[in-house]
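Fold and geometry: a report
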Amino acid sequence: MSRKPSGPPTRYGWNTPVTAPGPDGSSLLRRVREVIAEPLAYLEEVWAAHGDVIQFPIPKPATYLVSSPSGARDVLVNLNRDMGKRTVQYTSLSLVTGEGLLTADTQAWKPRRRMLQPAFHHDMVSLVSGHVTTALAHLDQKWAALTVDGPALVDIDQEMMSLALEITGKTLFGVDLSGEAQELTDATIDALHGVIDKAQSLLPIPMFVPTPKHLRMKRAIKRLNRAVDAIVDLRRQDLIHPDAPIRDMLDVLLDPDVDTPLTQQQVRDEIATFIVAGHETVASALTWSWHLLGAYPAEARALQADPSRAARVFDEALRLFPPAWVITRRVLQDVEIEGHVIPKNAMVIVSPWLVHRHPDVWSDPLTFQPDRFADGAPQLGYIPFGAGPRLCIGRDMARLEATQIVAHLSQAWNIEPVHSGEVVIEASVTLRPASGLVMRISPRG
Ligand code: HEM
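Notes on the structure follow.

Calculation notes
- Residues numbered from 1 in each chain as written.
- Predicted model: local features only at pLDDT ≥ 70, side-chain atom pairs only at ≥ 80, totals over all residues.
- Heavy atoms only, no water.
- Helix = DSSP H or I, 4+ residues; strand = E, 2+ residues; numbered from the N terminus.
- Expected span 1.5 Å × (residues − 1).
- Buried < 20%, exposed > 50% of the residue type's maximum accessible area, 1.4 Å probe, protein only.
- Donors = N, O, S within 2.8 Å, 3.2 Å for Na, K, Ca; no water.
- Near = heavy atom within 4 Å.
- Polar contact = N/O pair within 3.5 Å; in protein donor to acceptor, adjacent residues only side chain to side chain.
- 1 Å grid on protein atoms, 1.4 Å probe; cavity = no way out; pocket = protein on both sides within 12 Å on 5 of 7 lines; lining within 4 Å.
- Points joined across faces, edges and corners; volume = space filled by probe spheres on them.
- Nonpolar A, V, L, I, M, F, W, Y, C, P; charged D, E, K, R; others polar.
- Axes fitted to C-alpha atoms, helices over the stretch in contact; angles between N-to-C directions.
- Contact = heavy atoms within 4.5 Å.
- Pairing = 2+ DSSP bridges.
- Salt bridge = Lys/Arg side-chain N within 4 Å of Asp/Glu carboxyl O.
- Core = buried A, V, L, I, M, F, W, Y, C linked by side-chain atoms within 4.5 Å.

With that settled, consider helix 12 (residues 264-278). Under the 1.5 Å per step criterion, the end-to-end length of helix 12 is 21 Å for 15 residues, consistent within 8% with the ideal 21 Å. Taken as a whole, helix 12 has its buried residues at Val267, Arg268, Asp269, Glu270, Ile271, Ala272, Thr273, Phe274, Ile275 and Val276.

Have a look at this one:
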């Protein structure tokens, strides 16, 4: 598979043609552990070395990385009809979420999106605001107790994870995550981590082989299914009045008045999808918002003086630390992107981490400048929520929730860095600080 000294190869085994520049096979094989341990550094390196459209030396499926803002738009928007979701990323995720909205391929996806869209309409989104207020009141109480004797240290990553989880629970089930709901979320998160573990293992062992990791993941999925059944059964007994207002996502999923009500399996898949897609993503972006504000004290002061800056702070944190740091697609028929033919069946990777650092759109891309978003986000080169028809259905909800949290906490608390220097990023389901992020909190006088 390595390049011959006489010139670049024209095929990578199995008749996979080479249609774009990229790293050679032997260097990728030699560095596979490093690539798994530090994927962001590797992506940056190959981008710098080979440009905006790269082909990896992988024969099946042919695998490309597209990083120009216009190329990313081609993949997600213009060529959307030629792009499916049967990729390694989404197939592994579907071990947990089944055929939920995030992983469903086009045929199954279209009617489901139409059905679920109302759940994310304005009224529902504003319902979330009340849950955020309650969850923030709980956090204020907890932090007040911690700081009675002066400033306290907290792992802001853990704090944001629990805050987001409480809000997710209320939004989905209208309840605190206690009892069945707590069990359901724990099982989903366990199963998800099993999937990530599996994706990162060097030997792809099929699921039917009973390794300890596979058994643990299967047990978590069983627990998830049992917990969903318990919650759904309870709610069905609740005899929802046909005219009763929608209280939470579960009401929407169980709505009997739609043309084709969801089956129990479909309800389960969507619940798991919402937990997976809506919890850690928001928490991760909040954690990095506090990290960036800590590193740029003038921005923190500006936010304290004017909490309406919270939205642009959050948008800029999503630019520098996009929780969904890779988005993948399966090419359904030959397409051309930035002058390169990308063949049918290839996998295309778009990394918001790279696109958000592209000098064509972003000046001084590595610095934190919330005012870039003073007039909203640019059309090209900003894709923290994806783009096109598969745009994140929870985008408005996530932005509303996060903006409210950043505005409130920056008014009520000083949240300051403890360690200077680089924070090691773990790129897994989302981007998280590898060893948590300890910050000092004290009430604002
Ligand atoms: C900061 C928070 C969030 C980020 C960064 C984020 C990011 C994304 C991205 C990049 C996609 C597109 C994936 C692709 O094109 O392959 C997506 C889709 C999706 N997201 Fe989010 N998301 C966030 C919050 C949420 C929330 C709060 C929910 C639900 C409660 C949610 C539910 C979904 C679903 C169901 C999809 C699939 C939509 C479809 O294909 O029709 N997300 N998200």
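A lone protein donor contacts the iron atom of the ligand, and this donor is Cys392 (SG), found at 2.3 Å. Relative to the helices and strands, Cys392 is located in the loop between helix 16 (352-355) and helix 17 (395-412).

What follows concerns the site of the ligand. Surrounding the ligand, one finds 26 residues, the nearest of these being Tyr90, Trp109, Arg113, Arg329 and Cys392. Within the side chain of Tyr90, a nitrogen or oxygen atom sits 2.4 Å from an oxygen atom of the ligand. Between Trp109 and the ligand, the recorded distance is 2.6 Å, taken from a side-chain N or O atom to an oxygen atom. The greatest single-element share of the shell around the ligand, amounting to four residues, is contributed by helix 12.

As a further point, take the layout of surface pockets. Taken as a whole, the second largest pocket spans an internal volume of roughly 590 Å³. Residue lining of the second largest pocket: 22 residues in total, with Phe321, Trp353, Glu422, Val423 and Ile425 positioned closest to the centre. Per-class residue counts for the lining of the second largest pocket are 16 nonpolar, two polar and four charged.

Right, let's get into unusual backbone geometry. In the segment running from Lys60 into Pro61, the intervening peptide bond is cis, with an omega of -5°. Within the secondary structure layout, Pro61 lies in the loop between strand 3 (53-56) and strand 4 (63-66). Phi is positive for Glu338, close to 50°, though the residue is something other than glycine. Tracing the sequence through the fold places Glu338 in the loop between strand 8 (335-337) and strand 9 (340-342).

Time to look at the packing of helix 5 (residues 88-97) against helix 12. Two numbers describe how helix 5 lies on helix 12: the axes approach to 9 Å, and their chain directions differ by 115°. Of the residues in helix 12, those touching helix 5 at Leu93, Val96 and Thr97 are Arg268, Asp269, Ala272, Thr273 and Val276.

Moving on, we get to the sheet that holds strand 10 (residues 347-350). Strand order across the open sheet formed by five strands is 3-4-10-7-5, with mixed pairing between neighbours. At either end of the open sheet lies a strand with only one pairing partner, and these are strand 3 and strand 5 (83-84). Note that strand 4 and strand 10 share four bridges and pair parallel. When the bridges of strand 10 are listed, Leu65 appears paired with Ile349. Most of the contacts of helix 3 (residues 39-50) go to strand 3, to which it runs at about 115°, and overall it touches strand 3 and strand 4.

Applying the stated criterion across every chain, the model contains 18 salt bridges. Among the ionic pairs, Asp269 bridges to Arg268, the shortest N-O distance being 2.8 Å. For Arg268, a relative accessible area of 6% gives the class buried. With a closest N to O distance of 2.9 Å, Arg399 and Asp315 form a salt bridge. Pair noted here: Arg399 is in helix 17 and Asp315 is in helix 15 (residues 310-320), with a separation of 84 residues, a long-range link. A residue is classified by how much of its surface remains accessible, and Asp315, at 7% relative accessible area, is buried. Each member of the salt-bridge network shares a partner with another, and the members are Glu299, Arg309, Arg312 and Asp371.

This paragraph deals with the pairing of strand 10. Taking every second residue as pointing to the same face, both faces of strand 10 are buried, with Met347 and Ile349 on one and Val348 and Val350 on the other. Of the pairings in the sheet, the one linking strand 7 (residues 327-331) to strand 10 comprises four bridges and is antiparallel in character. Across the sheet, residue Thr328 finds its bridge partner in strand 10, namely Ile349.

In globular proteins that are soluble, nonpolar side chains generally tend to be buried together. Counting 127 residues, the largest nonpolar core has Trp143, Met160, Ile342 and Leu409 as the members making the most contacts within it. Look past the residues within four positions of Leu409 in its chain and what remains in contact with it is Leu136, Leu139, Asp140, Trp143, Met160, Trp290 and Ile415.

Pairing between the strands of a sheet comes from backbone hydrogen bonds, and it takes one of two forms, parallel or antiparallel. Spatially, 6-14-11 is the arrangement adopted by the three strands of the open sheet, whose pairing is antiparallel. Each edge of the open sheet carries a strand with a single partner, namely strand 6 (152-155) and strand 11 (413-417). Strand-to-strand twist across the sheet, computed as the mean angle between neighbouring axes with direction ignored, equals 35°. Pairing of strand 11 with strand 14 (residues 438-443) involves five bridges; the strand directions are antiparallel.

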